[in-house]
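Architecture at a glance
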Amino acid sequence: MGVILKKKKSRGARAVVTGAGGGIGRAFALEVQRRGGRVVCSDIDMARAEQTAELIRQAGGSALAVACDVADLEAVERLAEEAEQWFGLPANLVINNAGVGAGGKLIGEIPMEDWQWIMGINLWGVIHGCHVFVPKLRVLGEGGVINVASAASFGAAPMMAAYNTTKAGVLALSETLRAEVADTDITVTVLCPTFVKTDIIENSRMSGGRSAQQAKRFMAKKGFSPDEVVRKTLNEFDAGAIYVLPQLDAKVTWFMKRMAPGLFTRGMGVVGRFIRD
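This text gives an overview of the structure that appears in the document.

Scoring rules and cut-offs
Residues numbered from 1 in each chain as written. Predicted model: local features only at pLDDT ≥ 70, side-chain atom pairs only at ≥ 80, totals over all residues. Heavy atoms only, no water. Pairing = 2+ DSSP bridges. Helix = DSSP H or I, 4+ residues; strand = E, 2+ residues; numbered from the N terminus. Contact = heavy atoms within 4.5 Å. Axes fitted to C-alpha atoms, helices over the stretch in contact; angles between N-to-C directions. Core = buried A, V, L, I, M, F, W, Y, C linked by side-chain atoms within 4.5 Å. Buried < 20%, exposed > 50% of the residue type's maximum accessible area, 1.4 Å probe, protein only. Patch = residues over 30% accessible without salt bridge, like charges linked within 9 Å, V, L, I, M, F, W, Y side chains within 5 Å. Areas by Shrake-Rupley, 256 points an atom, 1.4 Å probe, with all protein chains shown as cover. Salt bridge = Lys/Arg side-chain N within 4 Å of Asp/Glu carboxyl O. Lys, Arg positive; Asp, Glu negative; His and termini not counted. Charge placed at Lys NZ, Arg CZ, Asp CG, Glu CD. Expected span 1.5 Å × (residues − 1).

Overall, parallel pairing links the 7 strands, which are arranged β3-β2-β1-β4-β6-β7-β9 in an open sheet. Looking at the sheet topology across the chains shown, the edges are occupied by β3 (63-67) and β9 (243-244). The pairing of strand β6 (residues 142-148) with strand β7 (residues 185-191) spans 7 bridges and is parallel. In the strand pairing of β7, V148 is matched with L191. Across the face of the sheet, helix α4 (residues 112-140) comes into contact with β1 (14-17), β4 (93-96), β6 and β7 while running at roughly 170° to β6.

Listed below in structure tokens is the structure:
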């Protein structure tokens, strides 16, 4: 008997991408289109969402732009409804990508408004996406979810507590969801990159010019392109991977944290003191 090849889930998908107005989100939307999919491009900035959708149309694909604040559950519910109406079926690939940055202050100095702001987008946004779309995937009996976290989810860099906390939550949520759908044909993958060339620094709430400038310089010199990260992520998603760590420094951090957690934490403390001095 011949070997039956299973269809790759990133091919021909009905995809919803949040934060699709730029960076990793736009790269996901464009790559899904290249793989024969239709894409709902969601962003809090409708103009940027429409720009991404237009790029897809210009490439011969099919896309719909939808404004959505992922921190608002009702807005995410409307997003799912609009997507289903446009596709004619529920989405079968959900990419919870929308995210922002905050950092530069110690715990106890971070304004509560910054905690609430970043938790609403980075963590509640992904919670809302999973809460709304996963039941639909269960009914379909197939599909997948890609949640965009960060190496910050396990790296515990000082002066990045709010960001780290949100991304650690996304990692835990993804692992739990993966366990809950283990008996289905739904794939859950969590992306944990380090530096990617996006505009997250410009759109962040960074205090302390030194840390922000260091991050921008490092991102410009060493950051991966969003396209490269996205291609690797979708390929790993197709292979059924739960974790995608697209860069060597993310893999090294992951390994060190697990092999020598006490030493790792002390080392991060040294890094934090250097940044503050």
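Ranked by size, the top nonpolar core spans 28 residues in total, and within it F28, C41 and L93 carry the most contacts. Counting residues per element, this core draws most heavily on helix α1 (residues 23-34), at 6 residues. When near neighbours in sequence (up to four residues on either side) are disregarded, L93 contacts A13, R14, A15, V16, V32, G144, I146 and F237. The next biggest cluster of nonpolar side chains, apart from the first, holds 26 residues, and it includes C68, V70, A102 and I110.

Bringing the pairing of β6 into the picture now. Burial of β6 is extensive: 6 of the 7 residues sit out of reach of the surface. The sheet contact formed by β4 and β6 spans 4 bridges and is parallel. In the strand pairing of β6, V94 is matched with V145.

Moving on, we come to unusual backbone geometry. A positive phi is found at A156, a non-glycine position, where the angle reads about 55°. By secondary structure assignment, the location of A156 is in the loop between α5 (152-155) and α6 (161-180). The exposure class of A156 is partly exposed, given its relative accessible area of 43%.

A surface patch of like charges, here negative, comprises D69, D72, E74, E77, E81 and E82. Summarising the element assignment, E77 is placed in helix α3 (residues 73-87). Given a relative accessible area of 33%, E77 falls into the partly exposed group.

For α6, spanning 20 residues, the distance from its first C-alpha to its last is 28 Å, which sits close to the expected 28 Å at 1.5 Å a residue. The set of residues buried in α6 consists of A161, A162, Y163, N164, T166, K167, G169, V170, L171, S174 and L177. Tucked inside the fold, the buried residues of α6 contact β5 (102-103), α4, β6, α5, β7 and β9.

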